[in-house]
Amino acid sequence: MKLSGRDFCAMIEGAALAIAIEKQQINDLNVFPVPDGDTGTNMTLTMGAGAAEIKKKQPTTVGQAAEVTASALLRGARGNSGVILSLLFRGLSKRLKELDETDAKTFAHALTDGVDAAYKAVMKPAEGTMLTVSRVASAAAKEFAAGEADIELVLEHAIKIGYEALARTIDQNPVLKKAGVIDAGGKGYLIILEGMLKALRGEEIVGGDGADLMTEEAATSFADFDHEDITFTYCTEFIIGRESGKDPAGLRSFLDPLGDSLVVVDDDEIIKVHVHTDEPGRVLTEALTYGSLVTVKIENMREQHAEMVGGTGAQPAPATPEKARGVVAVSAGTGLEAVLADLGVDQVVTGGQTMNPSTAEIVQAIDAVPAETVYVLPNNKNIILAAQQAIPLSSKNVVLVPTKTVPQGVAALMAFDPEADDDANLAAMGEAVGRVKTIQITYASRDSEFDGQPIKEGEFLALIESSILCSGKDFDTVLEKTIAAIGAENPEFVTLFYGKDVDEESANSCAEAIGAKVPGAELMVVDGGQPVYYFMISVE
């Protein structure tokens, strides 16, 4: 049996549907209890980008189908898991390039090429992760294919051995062992392989919300519109959880003047929104005050229309350089975005902990900066890989500064000199980042055990960098322990960014308590307007 282009297309659509159906199951395996861009969500959005492109372009050969998928996944990759997934398919596509069909042995070798590509791109690959599971599964496929010509049986064997490897991740990764769970990314990868196998065999892939979501995405069409009929540029669709308890009517009122074609539907658990707007960043920032993002899709309707009527659908040309160096930074919250703009950031990509932007969104921001060299500050550890993948996709010279928090990004910007060369800037910015500790107060999005500490959903959490300082049901107690930790650092500078759910009076009260603990420190209070984090504190 040989694999045709049509087979591969069906497999990608099956994989996207399978991961969408199991998205929440994978999200629930995430160990760290803070609200974040969960693995299942990121892998679903990434794989969905591939399925949408396959459906649109309808490639005929297996090489074309693999190339279309790899390109779409690379641009649509969100979060570390999404980027690794895109790399697995990029390596696979290089092996299948220019082939009309492929046999079991070549396909198995292509899977291992994908693993090689992913390992090369990850600076410090760890065992007990998605990389481990994909490596073991692909090696099993390669060995099995040496004596087996049936691709279905090869995939089936790879999945079987992959699940054995997945079961071992709980002992290979110390963090997973403490939490008593398997690796979420590894589980997602195997679900994708299962979806591919089911599609290849013609088996039905059934589910609830995931199936509905994929159907809606596949049905989106702009063929019936004239260009003049598109009043607003971006079709913005998303689903958010109802964690805040705020009335969806308030969101509807906020969105109404920002666009048209507004639909807001809600039940006890979610709010689903569709709106055409020119300000998707502002829309999503407000939406995050109602709950965490479950899914999000933003599409440029003008570009889509141009492609539907025979245009190229090409991205806008990069901005003509007007200066030597510019900056792109990732952040969420109107106050934080204003701070970054004041510090010289040319383009702010709306995103962060609960909303990891895609590689394509980062590339778009880079290309919009009128500079020869563009510095990129991800300001979140789960966005660094996506930013890294953006570098070869832009015609501009891109310099990645791997900041993991917004306070690190602010420190780096303070040290940035647009007249200095790149080596000098990287050294100065890296040194500035190293002087900063980030302390944040948020809430637990799930039950967990982290560093031996049991954490319950809904509790308040104080974090120092990526470690948990304390948790509890009483906010004042958590805040008191946080302020004590700030005092222990004996800082010279403290900047308190307060979030969208904190009023100015409460923020000033917190600042006074910090000031009493470290009277010699220079203290600033800034309305960051950020979602998720009540307080984001830079300690230097």
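Here's a quick rundown of the structure.

Calculation notes
- Throughout this document, residue positions are counted from 1 along each chain, in the order its sequence is written.
- Confidence filtering applies because this is a predicted model: local features only for residues at pLDDT of at least 70, side-chain atom pairs given and counted only at 80 or more, and all residues used for totals across whole chains, interfaces and linings.
- The basis for the side-chain values is all heavy atoms of the structure; hydrogens and waters are excluded.
- The pairing criterion for strands is at least two bridges between them, as found by DSSP.
- Starting at the N terminus, helices and strands are each numbered in turn, a helix being any DSSP run of H or I of at least four residues and a strand any DSSP run of E of at least two.
- Orientation is described by axes fitted as lines to C-alpha atoms, over the contacting stretch for helices, and by angles from 0 to 180 degrees between their N-to-C directions.
- Residue contacts are defined here by distance: any two heavy atoms, one from each residue, within 4.5 Å place the two residues in contact.
- Between the rings of Phe, Tyr and Trp (Trp by its six-membered ring), a pair exists once the centres lie within 6.5 Å; its type follows the angle of the planes, with under 30 degrees stacked, over 60 edge-to-face, and the other angles tilted.
- The criterion for a charge sitting over a ring is simple: Lys NZ or Arg CZ within 6 Å of the ring centre, and within 35 degrees of the ring normal.
- In what follows, salt bridge is the name for a side-chain nitrogen of Lys or Arg lying within 4 Å of a carboxyl oxygen of Asp or Glu.
- Relative accessibility thresholds used throughout: buried, under 20% of the residue-type maximum; exposed, over 50%; partly exposed, between the two (1.4 Å probe, protein chains only).
- Whether a crossing is left-handed or right-handed is set by the direction in which the near helix is turned from the far one by less than a right angle, anticlockwise for left-handed and clockwise for right-handed.
- When residues are grouped by polarity, Ala, Val, Leu, Ile, Met, Phe, Trp, Tyr, Cys and Pro land in nonpolar, Asp, Glu, Lys and Arg in charged, and all others, Gly among them, in polar.

### What to know about the sheet that holds strand E15 (residues 522–527)
Here 6 strands make up an open sheet; going across it, the order is E13-E12-E9-E16-E14-E15 and the pairing mixed. Edge positions in the open sheet fall to strand E13 (467–472) and E15, since each of these has one partner strand only. Across the sheet, the mean angle separating the axes of adjacent strands is 15 degrees when strand polarity is ignored. Of the strands in this sheet, strand E9 (437–443), strand E12 (460–464), E13, strand E14 (493–498) and strand E16 (535–539) are in contact with helix H20 (residues 475–488), which crosses E13 at around 150 degrees.

### Description of the side chain of Thr495
The residue Thr495 is located in strand E14 in this model. If sequence neighbours within four positions are ignored, Thr495 has contacts with Met524, Val526, Met536, Ile537 and Ser538.

### Focus on the packing of aromatic side chains
For the structure shown, the criterion picks out 6 aromatic pairs. Centroid distance Phe475 to Phe535: 6.4 Å. Interplanar angle 40 degrees. Geometry classified as tilted. Residue Phe475 is located in helix H20, and its partner Phe535 is located in strand E16; the two are separated by 60 residues in the primary sequence. Clustering of aromatic rings is evident, with ring pairs tying together Tyr443, Phe460, Phe475, Tyr534 and Phe535. Here the guanidinium or amino end of Lys246 rests over the ring plane of Tyr290, the centre of that ring lying 4.4 Å away.

### Here we look at the sheet that holds strand E7 (residues 371–377)
Pairing is parallel across the open sheet formed by 4 strands, whose spatial order is E6-E5-E7-E8. Two strands in the sheet have a free side with no partner beyond their single neighbour: strand E6 (347–350) and strand E8 (397–400). Pairwise comparison of adjacent strand axes, ignoring direction, gives a mean angle of 25 degrees for this sheet. Here 6 bridges tie strand E5 (residues 323–331) to E7, and the two strands are oriented parallel to one another.

### Thoughts on the pattern of salt bridges
Under the criterion given, the structure shown has 16 salt bridges. The partner of Glu279 in a salt bridge is Arg282, and the shortest N-O contact between them spans 3.6 Å. Using a relative accessible area of 35% as the deciding quantity, one classes Glu279 as partly exposed. Two residues, Asp346 and Lys323, come together in a salt bridge whose shortest N-O distance is 2.5 Å. Of this pair, Asp346 sits in the loop between helix H15 (334–342) and E6 while Lys323 is found in strand E5, placing the two residues 23 residues apart along the sequence. Taken together, the salt bridges that share partners define one network made up of Glu53, Lys56 and Lys57.

### Section: the packing of helix H7 (residues 130–145) against helix H8 (residues 151–172)
Helices that pack against each other are described as a pair by the angle of their axes relative to one another and the distance between those axes. The geometry of H7 relative to H8 is characterised by a closest axis approach of 8 Å and an angle of 145 degrees between their N-to-C directions. Note that H7 runs across H8; the crossing there is right-handed. Side by side, H7 and H8 meet where Thr132, Val133, Val136, Ala137, Ala140, Ala141, Phe144 and Ala145 of the first sit next to Leu153, Val154, His157, Ala158, Ile161, Gly162, Ala165, Leu166, Arg168, Thr169 and Gln172 of the second. By residue class, the composition of the contact of H7 with H8 is 13 nonpolar, 5 polar and 1 charged.

All quantities given are derived from atomic positions and should not be read as evidence of function.
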